[in-house]
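# A look at the structure
Listed below are the residues making up each chain.
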Amino acid sequence: MGKKLLLEHINEPGIQSFEVYRKKGGYASVEKALKSMKPDEVTEEVKRSGLRGRGGAGFPTGMKWTFLDRRSEKPRYLVCNADESEPGTFKDRYLMEHLPHLLVEGMITSSYALGAKTSYIYIRGEYMYIVRILEKAIEEAYANGFLGKNILGTDYSLDLYVHPGAGAYICGEETALLESLEGKRGNPRLKPPFPAIAGLYACPTVVNNVETIAAVVPIINIGGDEYAKIGVGKSTGTKLISASGHINKPGVYEIELGIPVEEFIFSDEYCGGIWKDRRLKAVVAGGSSVPILPADLIFTTAKGEPRLMTYESLADGGFATGTMLGSGGFIVMDETASIVENLYTFSRFYHHESCGQCSPCREGTGWLEKILHRLREGHGKKEDVDLLVSVAKNIEGKTICPLGEAAAWPVASAVKHFRKEFEEAAARLQLSAVQKAELATH
Amino acid sequence: MAKVTIDGITVEVPDGTTILNAARQIGGEIVPPAMCYYTSLKDSGGKCRVCLVKVTQGSAKDPRPMPKLVASCRTTVADGMVIENISSPEVLEARKGVVEFLLINHPLDCPICDQAGECDLQDLSYEHGLADTRYEFERRTFEKIDIGDKIKLHMTRCILCYRCVLVANQLTEQRVHGVLDRGDRAEISTYIEKAVDNDFSGNMIDVCPVGALTDRTFRFKSRVWFTKPMDAHRNCTKCCGKVVLWTKGNDVLRVTARKDRYGEVSEFICNECRYEHKNLADWVVEGPRHINRHSVISQNHYEKIDLLKLKKEVERQLVFQKGKQLPPANQSTTYSTENGNSQTQTHA
């Protein structure tokens, strides 16, 4: 059994309530940090842990915290990004639903490290029932003196708010999230300036994923060095993976970074193998926006090494033969799955969610969807396959925020690895034309 | 001060200048096009992506290139920065892609569009667009809306540059219009189709790079190239009163603010000047407005020019193009340039 740092007490009855959570050692990190550590020591501990952002990009959290402009006299903010909307990713929902106090505890400890007096949890609008769970947890934390004025008798005070979004994927992009939190239209901002210099209300701000903030709790409890011992190389600690698709046991799993992908898919501890004894066709390893990989490339890298569940190993080979760990939305497809169908679903999503601010993404995502729709319906043309690649290339790297890339990468990789399938879909036109011609003659 | 090199030409500009403005100081062909950036509007730019350039050297201190193409209108220069615009095939390719994206849902109804002849998108597509379209699907359309009694919104033509939103935001106190919905369904709209009603609303028409916002008092009256632009002014208590009158005979068909060579207005005018003084007697006419020789508007030769001189100049240029030495110009005409190349000098 792998080590569980986040989900250790998830099956405890009543763990949602303050009493049970506290009894199980909850809020120890707050006590430890506020009473025996300086804010900078907490940051230092997070830096030593090697924790990397769990939202998708994998940027070292400790480093992000040190970028925060501490010389500025403006107030500083910590914002938790709970706008989890990536297709295939549902780990934050699970965590917040069952362990709301873990997030609240993480927010307090992290806010203390950053010197934030006000912090926000920006949660996606569709998670309305979790808003209530979190608000209840926050209320309990206030009642027990872990939030509000002079927490635990120290001179540190913190107010924590939950802010639901209105159902936009783009508001998971950190600057769009900040715009939305300010009450504006959720359009991503042009960077620089980065949020660490001018974020929420133009004040220094750190935006972190739910799981990242939750991971601060075990880091402070066991120490950064101890945390860094788990994992391989620069991928330290544990990671929540939302496994879905054609597997025997879909769900959220906490893994130690560094286990082989093969073990993750086939061991009984995790996914339990492909369902109905079918064969594996492809895997989308980190949420819908990362490149898709065929079965042979997901188990071994192009160099022939076994692929591990780490940031580096999954990215090995770049975009030619690799993918990304991303947000941990692990989608498994068996031999019956249609890549064209699957890509159409993804493209429809990105078309629907593009904010429309910059032209390549606004117009390009819709175009991609329409071409894929045509291919899927059997009205495609032979040239459509190259057109897809060309349109994706024209979007990639030309947009303000990474949604452009998120829409382009799956297309580019799917066509690269499964070109035949697209060509077959395109060839269906010829077939249907023949059938129609025959109908006409009879 | 920062020294930057754009397409091999070095220029010194104050710190904090954007790449686009540094390029404009050099002038000529190396200036990136801009569809959404507008000098006098705060926070404009960065959206249309036609001004993308490649930064091959970040600065003298940190010579690393920037990983992606950057929007030149919003990226500030650093000392020692090296930028490639038209000398980079990657940039031209990207720009071509962006122009294609801007056109796939554009109706291309130039023959019936009032903006034709002074449309940035039209110029851009002549320069970078394909002759044929690769887009075979139905284009998205919107209903035409009257926003206020003087402005027609033709959302189908809009490229969502957000300039008019910024005008509404920054020139007046009441924000009455913005963007609804998202993605390619996004549309400029007023609050539940309420009229835009303020003294400076007409400037939304001037800042629109395409024909999405047109002047209802001018719609379908004339093609712009059949009208003669005249600089004129009047004493106005609300604005600077400096305008361009677009006339046909003695009729004033349209009044706009004065645009510089990049199509930008620096001094906005009020609605009274724009709509209520369409009478030559109300204005002090300063003289014909100089228009870029390449613009179709200049094709009706409304400016008084010496045809004999022009003929001589054309002959002189033809001799030069045959590879012979350039004969000395007798007297420079309006259209010759000092270094003898065919580069145009636009008078702002």
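Refer to the preceding data block for the structure.
Here is what the cut-offs are and how they apply
Residues numbered from 1 in each chain as written. Chains lettered and ligands numbered in written order. Predicted model: local features only at pLDDT ≥ 70, side-chain atom pairs only at ≥ 80, totals over all residues. Heavy atoms only, no water. Phe/Tyr/Trp six-rings, centres within 6.5 Å; stacked < 30°, edge-to-face > 60°. Helix = DSSP H or I, 4+ residues; strand = E, 2+ residues; numbered from the N terminus. Lys NZ or Arg CZ within 6 Å of the ring centre and 35° of its normal. Buried < 20%, exposed > 50% of the residue type's maximum accessible area, 1.4 Å probe, protein only. Arc of directions from axis to C-beta. Contact = heavy atoms within 4.5 Å. Patch = residues over 30% accessible without salt bridge, like charges linked within 9 Å, V, L, I, M, F, W, Y side chains within 5 Å. Areas by Shrake-Rupley, 256 points an atom, 1.4 Å probe, with all protein chains shown as cover. Salt bridge = Lys/Arg side-chain N within 4 Å of Asp/Glu carboxyl O. Pairing = 2+ DSSP bridges. Axes fitted to C-alpha atoms, helices over the stretch in contact; angles between N-to-C directions. Polar contact = N/O pair within 3.5 Å; in protein donor to acceptor, adjacent residues only side chain to side chain. Buried area = accessible area lost by both parts, 1.4 Å probe.

With that settled, the discussion passes to the packing of aromatic side chains. Applying the stated criterion to the full structure yields 23 aromatic pairs over all chains. On the basis of an interplanar angle of 85 degrees and a centroid distance of 6.1 Å, the ring pair of Tyr253(A) and Phe264(A) is categorised as edge-to-face. Taken together, the residues span a long stretch of sequence, with Tyr253(A) in strand 8 (residues 251-256) and Phe264(A) in helix 11 (residues 261-266) at a distance of 11 residues. Taken together, the ring pairs in this structure connect Phe18(A), Tyr21(A), Tyr27(A) and Phe146(A) into an aromatic cluster. Positioned over the ring face of Tyr275(B) is Lys150(B), at 5.0 Å from the centre of the ring. The lysine or arginine in question, Arg234(B), covers the ring of Trp283(B), its NZ or CZ lying 5.9 Å from the ring centre.

Glancing now at helix 3 (residues 39-49) of chain A. All names here are of chain A. Taken as a whole, helix 3 has its buried residues at Val42, Thr43, Glu45, Val46 and Ser49. Relative to the axis of helix 3, the buried residues are bounded by an arc of 155 degrees and lie together on one face. Buried residues along helix 3 sit in contact with helix 2 (28-36), helix 4 (61-67), helix 6 (100-114), helix 9 (210-222), helix 10 (224-229) and strand 6 (235-236). In the segment just after helix 3, Gly50 is the residue with positive phi, at about 70 degrees.

All right, on to a nonpolar patch on the surface then. On the surface, Phe59(A), Met63(A) and Phe67(A) cluster together to form a nonpolar patch covering roughly 280 Å² of accessible area. By secondary structure assignment, the location of Met63(A) is in helix 4.

Turning our eyes to something else, we now look at the sheet that holds strand 6 (residues 145-147) of chain B. All names here are of chain B. Pairing in this open sheet of 3 strands is antiparallel, and the strands run 6-7-10 from one edge to the other. Edge positions in the sheet fall to strand 6 and strand 10 (213-215), since each has one partner strand and no second. Between one strand axis and the next, the sheet turns through 35 degrees on average, direction left out of account.

What follows concerns the sheet that holds strand 2 (residues 118-123) of chain A. Residues and elements named next belong to chain A. Read across the sheet, 4 strands follow the order 3-2-1-4 without closing on themselves; strand pairing throughout is parallel. This sheet does not close on itself; its edge strands, each paired only once, are strand 3 (159-164) and strand 4 (205-209). Ignoring which end each strand starts from, the neighbouring axes of this sheet average 20 degrees apart. Bridging between strand 1 (residues 77-82) and strand 2 involves 6 bridges; their strand directions are parallel. When the sheet's bridge partners are listed, Ala82 is paired in strand 2 with Ile123.

Once that is clear, we can look at the side chain of Ser111(A). All names here are of chain A. Residue placement: Ser111 occurs in helix 6. Within the structure, the side chain of Ser111 is placed 2.6 Å from the backbone oxygen of Met107, a separation counted as a polar contact. What Ser111 contacts, discounting residues up to four positions off in sequence, is Leu78, Ala116, Ser119, Tyr156 and Leu158.

For the rest of this paragraph, the subject is the environment of Met1(A). Position of Met1(A) among the secondary structure elements: in the segment before helix 1 (18-23). In this structure, the C-alpha to C-alpha distance between Met1(A) and Arg279(A), residues 278 residues apart in sequence, is 26 Å.

Take the pattern of salt bridges next. Residues and elements named next belong to chain A. A complete count under the given rule lists 52 salt bridges over all chains for this structure. Across the salt bridge formed by Lys191 and Glu173, the nearest N and O atoms sit 3.7 Å from each other. Separated by 18 residues along the polypeptide, Lys191 in the loop between helix 8 (174-181) and strand 4 and Glu173 in the loop between strand 3 and helix 8 bring together distant segments of the chain. Assessed through its relative accessible area of 33%, Lys191 is described here as partly exposed.

Further remarks concern the interface of chain A and chain B. Taken together, the contact pairs 34 residues of chain A with 34 residues of chain B. Considering only the surface of chain A that becomes buried against chain B, Arg362(A), Glu363(A) and Trp367(A) emerge as the three largest contributors, covering 23% of it. The interface formed by chain A and chain B holds 5 salt bridges in total. The set of elements that each furnish at least two residues to the side of chain A that touches chain B consists of helix 15 (339-353), helix 16 (359-377) and helix 17 (384-395) of chain A.

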